[in-house]
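# Structural features, examined
Listed below are the residues making up each chain.
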Amino acid sequence: MSEKMRAVEISEPGGPEVLRLCERPVPQAGHGQVVLKVAYAGVNRPDALQRAGAYDPPPGASDLPGLECSGEVVAIGAGVDNLVVGDRVCALLPGGGYADYVMTPAAHCLPVPAGIGMKEAACLPETFFTVWSNVFTRGGLKAGERFLVHGGSSGIGTTAIQLAHAFGARVFVTAGSDEKCQACLGLGAERAINYRDEDFVKVMKGEGGADLILDMVGGDYIPRNIKTLNLDGRLVQIAFLQGPVVEVNFAMMMVKRLTLTGSTLRPQSDLAKAAIAQDLLEAVWPLVEAGKVTPVMDSEFDLSEAAAAHARMERSAHIGKIVMKVNG
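Residue positions within a chain follow its written sequence, with the count starting from 1. For this predicted model, a pLDDT threshold of at least 70 governs which residues receive local features, and a threshold of 80 or more governs which side-chain atom pairs are given and counted, while totals over whole chains, interfaces and linings are taken from all residues. Note that the side-chain values use all heavy atoms of the structure and ignore hydrogens as well as water.

## Description of the overall build of the chain
Secondary structure assignment for the chain yields ten helices and 15 strands. Here the C-alpha atoms of the chain give a radius of gyration of 19 Å, agreeing with the 20 Å that 2.2 N^0.38 yields for 328 residues. Expressed along its principal axes, the backbone C-alpha trace of the chain runs to roughly 60 × 40 × 35 Å. Here the chain holds 328 residues, and 53% of them are scored as buried. When contacts within the chain are restricted to residue pairs at least 6 apart in sequence, long-range pairs at least 24 apart make up 67% of them. When the accessible surface of the chain is summed, it comes to about 13,600 Å², and 52% of that surface belongs to carbon and sulfur atoms. Looking at charge distribution, the chain has the averaged site of its 30 positive side-chain charges lying 5 Å from that of its 37 negative ones. In this text, helices come from DSSP runs of H or I with a minimum length of four residues, and strands from runs of E with a minimum of two, each type numbered from the N-terminal end. Our radius of gyration looks at C-alpha atoms and nothing else; its globule reference is 2.2 Å times the residue count to the power 0.38. Accessible area is worked out with a 1.4 Å probe on protein chains only. A residue is then buried under 20% of its type maximum, exposed over 50%, and partly exposed in between. Note on contacts: a residue pair qualifies if any of its non-hydrogen atoms lie within 4.5 Å across the two residues. Under the convention used here, a 1.4 Å probe and the Shrake-Rupley method define accessible areas, while residue burial counts only the protein chains that appear. Asp and Glu count as negative and Lys and Arg as positive, but His and the ends of the chain are not part of the count. A single reference atom marks each charge: NZ on Lys, CZ on Arg, CG on Asp, CD on Glu.

## Looking at helix H5 (residues 178-187)
Listed in full, the buried residues belonging to H5 are Lys-180, Cys-181 and Cys-184. One side of H5 carries all its buried residues, which in axial view fall inside an arc of 100 degrees. Projecting away from the buried face of H5 at angles above 90 degrees are the exposed residues Asp-178, Glu-179, Gln-182 and Gly-186. Where the residues of H5 are buried, they touch helix H4 (155-166), strand E9 (170-175) and strand E10 (191-194). Note on H5: the residue one or two positions beyond its end, Gly-188, has a positive phi of about 125 degrees. Taking the helix axis as origin, the arc is that swept by the directions to the C-beta atoms.

## Section: the sheet that holds strand E8 (residues 146-149)
The sheet built from six strands is open, its strands ordered E10-E9-E8-E11-E12-E13 with parallel pairing. Two strands close off the open sheet at either side, each with one partner strand: E10 and strand E13 (259-262). The sheet shows a mean angle of 15 degrees between the axes of neighbouring strands, direction not considered. Interaxial angles span 0 to 180 degrees and are taken between N-to-C directions of axes, which are lines fitted to C-alpha atoms, for helices over the stretch in contact. The strands touched by helix H6 (residues 200-207) are E8, E9, E10, strand E11 (210-215) and strand E12 (229-237); relative to E10, the strand with the most contacts, the crossing angle is about 160 degrees. Any two strands with at least two DSSP bridges between them are considered paired.

## Regarding the pattern of salt bridges
Between Lys or Arg on one side and Asp or Glu on the other, a salt bridge is scored when a side-chain nitrogen of the former is within 4 Å of a carboxyl oxygen of the latter. Applying the stated criterion across every chain yields a total of 13 salt bridges. Ionic pairing is found between Arg-24 and Asp-63, a salt bridge with its closest N-O pair at 2.9 Å. Of this pair, Arg-24 sits in strand E2 (residues 19-25) while Asp-63 sits in the loop between helix H1 (45-51) and strand E4 (68-76), and the two are 39 residues apart along the sequence. Connected through salt bridges with shared partners, the residues Glu-9, Arg-20, Arg-24 and Asp-63 form a single ionic network.

## Observations regarding the packing of H6 against helix H7 (residues 221-228)
Packed helix pairs are specified by the crossing angle of their axes together with the interaxial distance, meaning the distance between the axes. Two numbers describe how H6 lies on H7: the axes approach to 9 Å, and their chain directions differ by 15 degrees. Here H6 lies roughly parallel to H7, going by the angle between them. For H6 against H7, the interelement crossing comes out right-handed. Seen from H6, the contacting residues are Phe-200, Val-201, Met-204 and Lys-205; seen from H7, they are Tyr-221, Arg-224, Asn-225, Lys-227 and Thr-228. Taken together, the residues of the contact of H6 with H7 sort by class into four nonpolar, two polar and three charged. Under this scheme an angle from 65 to 115 degrees is roughly perpendicular, one under 35 degrees roughly parallel, and one over 145 degrees roughly antiparallel; angles in between are oblique. Should the near helix be turned counterclockwise from the far one by less than a right angle, the crossing is left-handed, whereas a clockwise turn marks it as right-handed. In this classification, the charged set is Asp, Glu, Lys and Arg, the nonpolar set is Ala, Val, Leu, Ile, Met, Phe, Trp, Tyr, Cys and Pro, and all remaining amino acids, among them Gly, are polar.

## What to know about the side chain of His-318
Along the chain, His-318 turns up in the loop between helix H10 (306-315) and strand E15 (321-325). The class of His-318 is buried, set by a relative accessible area of 9%. Excluding its chain neighbours within four sequence positions, the residues that come into contact with His-318 are Arg-45, Ser-153, Lys-180, Asp-298, Arg-312 and Met-313.

## Section: the packing of aromatic side chains
For this analysis, a ring pair means two rings from Phe, Tyr or Trp (six-membered ring only for Trp) whose centres lie within 6.5 Å, classed as stacked if their planes differ by under 30 degrees, edge-to-face if by over 60, and tilted for the remaining angles. Counted under the stated rule, the structure contains five aromatic pairs. Relative to Phe-136, the ring of Trp-132 lies with its centre 4.8 Å away and its plane at 20 degrees, an arrangement referred to as stacked. Linking Trp-132 with Phe-136, this pair stays in helix H3 (residues 125-138), spanning four residues, or about one helical turn. The residues Trp-132 and Phe-136 share a single accessibility class, namely buried. Members of the aromatic cluster, connected to one another through ring pairs, are Trp-132, Phe-136 and Phe-167. The rule for a charge over a ring is simple: NZ of Lys or CZ of Arg within 6 Å of the ring centre, and within 35 degrees of the ring normal. Over the ring of Tyr-221 we find Arg-224, and its NZ or CZ is 5.2 Å from the ring centre. For the cation-ring pair, Arg-266 lies above Tyr-55, with the distance from its terminal atom to the ring centre recorded as 5.7 Å.

## Re the pairing of E12
The buried count for E12 comes to seven of nine residues, which makes it a mostly enclosed element. Taken together, the five bridges between E11 and E12 define a ladder with parallel strand orientation. Within the sheet, the bridge partner assigned to Leu-212 lies in E12 and is Arg-234. Bridge analysis of E12 against E13 gives four bridges, and the strand direction is parallel. Bridged to Gln-237 within E13 is Gly-262.

Here's what the structure looks like:
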């Protein structure tokens, strides 16, 4: 392993064009950490927010973008007993995935599921950690409940549909085109609402309302979500494509006994992320290996094409995950 590696850095806050190839030192594994030779890196909206200067890395994290990858363990720090050099894993990263090598806590690595290639495996961590912790742990989704997913054709959305369907929930989604709606139906949603043509509040009221809503839109969706929720319903907020500031009548929250919650994944403690990883290994990885849940792939770019990958994501034309080939 050489001392230098290729990486994609953010030259200054801005659009996709500010991403550029550079040379950086190969990271070293500290206590409880491993270094991975990156095969593929997933592309996610938090990467774009960081690139734009709106999402700083947590203290101690790499300034390079990239929150998930697949790869091979090439170095192990002290205190690591769950991995050995040569293991093929996929990993949630504190940052730094847009590079030949990346360092991450060993407890945030999961084995590549049987039957899944390295390209597909790179798409598992960020969305599966996010969906499991927000929909099942925080949102408490149960079999038979009506679950509404906004942005159903996104990486988060396609994962949420499949997992909720696999665990027996009734899944409804919003998406922005008929093509995206059809893709969602094919993954297990029973009703897909094209938000350009239909009002999701009216549609969901006709279906009996929602018990849980996963929202990454925000803005005027927030009061509309509150109208859509049933008694004891839960709204879980994970992003704000339309902004976080909105006027809300909280009387409806009291009358309906609603729970309004949300989270971000990256700033959570290493211990919290390790607990999510263990949950996934026990409850979700068997579903992936059985073919009941699988990452939906949109497109592949080379590491040198990071700007084009970001541009595609920001056009919101994609269905499923965008990945970059690094050493695949």
